[in-house]
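Each chain, written out:
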Amino acid sequence: MLLQDSCVVLASQVIFFLVGWIFFVKMLFRDYELHHVLVQLIFCINFTLSCTMFELIIFEIADILDINSRYFHWYFAIYSMLFMVIVLTPFYIFYFLMSSSRLVTTSMKNPLTILVFCIYFYIFWKLGDPFPILSPKHGVLSIEQGISRVGVIGVTVMALLSGFGAVNYPYTSMAMFMRKVTTNDVIQIEKKLLQNLEKILVKKRKIAIAEREKLQKRNLKPSDSNWWGRLRSVATPDSPTSENIPQLKRDIGILEDFSEHLFLEAHDLQNMRERLEWSRTYQGRYFNFLGYFFSIYCIWKIFISTVNIVFDRVGKVDPITKTFDILVNWFGLDVDVTLWSQQISFIV
């Protein structure tokens, strides 16, 4: 039974690995050339283990595979994931940083990598001291020790990302935050950019001509070095362009800075115009509606969280189970609350 179930899990892991490989190449690094295959392998392994854990949750709910097999593969996936997240991935990141730094010599690359990793691991392990996650029942290398620390860091990072997404999503998806940009605005800024580039080109051409004239004057022919050549050089004044080379270079620097500003502005206008066109599509309107919905939902969550903190209220039932209780007790529906609340909670 264990061998048969292991074949099923292994086959699914091969599929997950191939999907992660294709996603990495076709989506994440579609416009870049990858020089480190080990980076791709680490990503695909982490992706495979994450999908495996998600798959085992589905198997647990749907009662697929033997219970002992599920526990075995669950522990194996968790230990593998903890090793990848805590040990291998950080170690390779430090190794890559040391290898890419010009300040680190080749002989010091490996010792510094090990030293930085030891410092990181010490800080990572000490993060668990202020939290009530230690227990004499669990050993140093137990799953609970690793998951508790990863959970603390993971929840903190997810909170930061959620806060950023809650602000960034409405700003990028709702039509009320989009600036009105027309095609004519984009054309005008592109014309200004081209005119500025032409000015830079003209001034650089003047500098090249002036430097060539200077070089020609230094390399006078021997026939021009007699008294008649000297008299002609005195009678003929220097080219006015040659006297303004430092000023021309300063003007070019100012114009190049201005070109960079115009390019960024043209890029922003083009992106804004594409966002406006996207907002008129069905998908854009749908995301615009979601922006309003989640904005109201966030305001409600902030309000209700403040009320719970002020009045010391503790929620004992999740919203889905509470909804089913209302449907059963108030409307008299014959529904298996335990079964359907579990299924809908998993879908949500």
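Asks: What's the story with the overall build of the chain in this structure? I'm lost.
Replies: The number of helices and strands found in the chain is 11 helices and 0 strands. The 348 residues of the chain split such that 24% are buried. Entry remark: accessible area of the chain is about 25,700 Å², with carbon and sulfur atoms responsible for 68%.

Asks: Is there a simple way to explain the nonpolar core in this structure?
Replies: The tendency in soluble globular proteins is for nonpolar side chains to be buried side by side. Counting 10 residues, the largest nonpolar core consists of Met178, Val181, Val186, Ile189, Leu193, Leu262, Ala266, Leu269, Met272 and Leu276. Every element with two or more residues in this core is listed here: helix H6 (183–218) and helix H8 (245–279). Sort the elements by how many residues they give to this core and H8 lands first, with 5 residues. If we ignore the near neighbours within four places in the chain, the residues touching methionine 178 are Thr172, Ser173, Met272, Arg275, Leu276, Trp278 and Ser279. Judged by nonpolar contacts, the second largest core, of 8 residues, contains Ile86, Phe117, Tyr120 and Ile143.

Asks: Which parts of the structure should I look at to understand a nonpolar patch on the surface?
Replies: Together, Leu115, Ile119, Tyr122, Ile123, Leu127, Ile153, Val157, Met158 and Leu161 line one region of the surface with nonpolar side chains, adding up to about 850 Å² of accessible area. Sorting the residues of the nonpolar patch by element identifies helix H4 (106–126) and helix H5 (143–173) as the ones contributing at least two each. On the secondary structure map, isoleucine 153 appears in helix H5. A residue is classified by how much of its surface remains accessible, and isoleucine 153, at 31% relative accessible area, is partly exposed.

Asks: Can you help me understand the packing of aromatic side chains in this one?
Replies: When we look at a pair of aromatic rings, we describe it by the centre distance and by the angle of the planes. Taken as a whole and assessed by the stated rule, the structure comprises 17 aromatic pairs. Relative to tryptophan 21, the ring of phenylalanine 17 lies with its centre 6.0 Å away and its plane at 35 degrees, an arrangement referred to as tilted. Here the residue phenylalanine 17 and the residue tryptophan 21 both occupy positions in helix H1 (residues 2–28), the gap between them amounting to 4 residues, near one helical turn. Classification of phenylalanine 17 as partly exposed rests on a relative accessible area of 25%. Here the aromatic cluster, defined as three or more aromatic residues joined through ring pairs, consists of Phe91, Phe94, Phe117, Tyr120, Phe121, Phe124 and Trp125. The ring of tyrosine 282 is capped by arginine 285, whose NZ or CZ atom sits 5.9 Å from the centre of that ring.

Asks: What is the right way to look at the packing of H1 against helix H3 (residues 67–100) in this model?
Replies: Any two packed helices are characterised by the angle at which their axes cross and by the distance between the axes. Two elements in contact, H1 and H3, have axes separated by 10 Å at closest approach and are oriented at 50 degrees. By the angle between their axes, H1 is oblique relative to H3. Crossing handedness for the pair H1 and H3: right-handed. Contacts from Leu2, Asp5, Ser6 and Val9 of H1 reach H3 at Ser69, Phe72 and His73.

Asks: Honestly, the pattern of salt bridges in this entry has me stumped. Any pointers?
Replies: When the charged atoms of two side chains with opposite charge come close together, those side chains can pair. Under the definition given, this model contains 4 salt bridges. In this structure, arginine 273 and glutamate 277 form a salt bridge, with 2.7 Å as the shortest nitrogen-oxygen distance. Separated by 4 residues within a single helix, arginine 273 and glutamate 277 lie in helix H8, roughly one turn from each other. The exposure class of glutamate 277 is partly exposed, given its relative accessible area of 40%.

Asks: What should I look at first to understand helix H9 (residues 282–310) in this one?
Replies: Owing to its 3.6 residues per turn, the α-helix aligns residues three or four sequence positions apart on the same side. Taking 1.5 Å of rise per residue, 29 residues should cover 42 Å, and H9 covers 42 Å from first to last C-alpha, within 8% of that figure. Looking only at H9, the buried set comprises Gly284, Asn288, Leu290, Gly291, Ile304 and Val307. Turning to H9, the residues buried within the fold contact H5 and H8. Looking one or two residues beyond H9, the residue adopting positive phi is aspartate 312, at roughly 55 degrees.

Asks: Would you mind going over H3 with me for this structure?
Replies: Taking 1.5 Å of rise per residue, the 34 residues of H3 would be expected to cover 50 Å, and the 47 Å separating its terminal C-alpha atoms lies within 8% of that figure. At methionine 84, H3 is bent by approximately 40 degrees, the largest bend along its length. Backbone nitrogen of asparagine 68 and a side-chain oxygen of the N-cap are separated by 3.1 Å at the start of H3; the cap is aspartate 66.

Asks: Any chance you could explain the packing of helix H2 (residues 37–62) against H3 here in plain terms?
Replies: Axis separation between H2 and H3 bottoms out at 10 Å; the angle between their running directions is 150 degrees. By the angle between their directions, the pair H2 and H3 is classed as roughly antiparallel. Judged by the twist between their axes, the crossing of H2 over H3 is left-handed.

Asks: Can you walk me through unusual backbone geometry in this structure?
Replies: The general pattern is negative phi for most residues beyond glycine and trans for most peptide bonds. At leucine 65, a residue that is not glycine, the phi angle is positive and equals roughly 75 degrees. Position of leucine 65 relative to the elements: it lies in the loop between H2 and H3.

Rules and cut-offs
Residues numbered from 1 in each chain as written. Predicted model: local features only at pLDDT ≥ 70, side-chain atom pairs only at ≥ 80, totals over all residues. Heavy atoms only, no water. Helix = DSSP H or I, 4+ residues; strand = E, 2+ residues; numbered from the N terminus. Buried < 20%, exposed > 50% of the residue type's maximum accessible area, 1.4 Å probe, protein only. Areas by Shrake-Rupley, 256 points an atom, 1.4 Å probe, with all protein chains shown as cover. Core = buried A, V, L, I, M, F, W, Y, C linked by side-chain atoms within 4.5 Å. Contact = heavy atoms within 4.5 Å. Patch = residues over 30% accessible without salt bridge, like charges linked within 9 Å, V, L, I, M, F, W, Y side chains within 5 Å. Salt bridge = Lys/Arg side-chain N within 4 Å of Asp/Glu carboxyl O. Phe/Tyr/Trp six-rings, centres within 6.5 Å; stacked < 30°, edge-to-face > 60°. Lys NZ or Arg CZ within 6 Å of the ring centre and 35° of its normal. Axes fitted to C-alpha atoms, helices over the stretch in contact; angles between N-to-C directions. Parallel < 35°, antiparallel > 145°, perpendicular 65-115°, else oblique. Left-handed = near helix turned anticlockwise from the far one by under 90°. Expected span 1.5 Å × (residues − 1). Bend = angle between axes of the 7 residues up to and from the residue. Polar contact = N/O pair within 3.5 Å; in protein donor to acceptor, adjacent residues only side chain to side chain.

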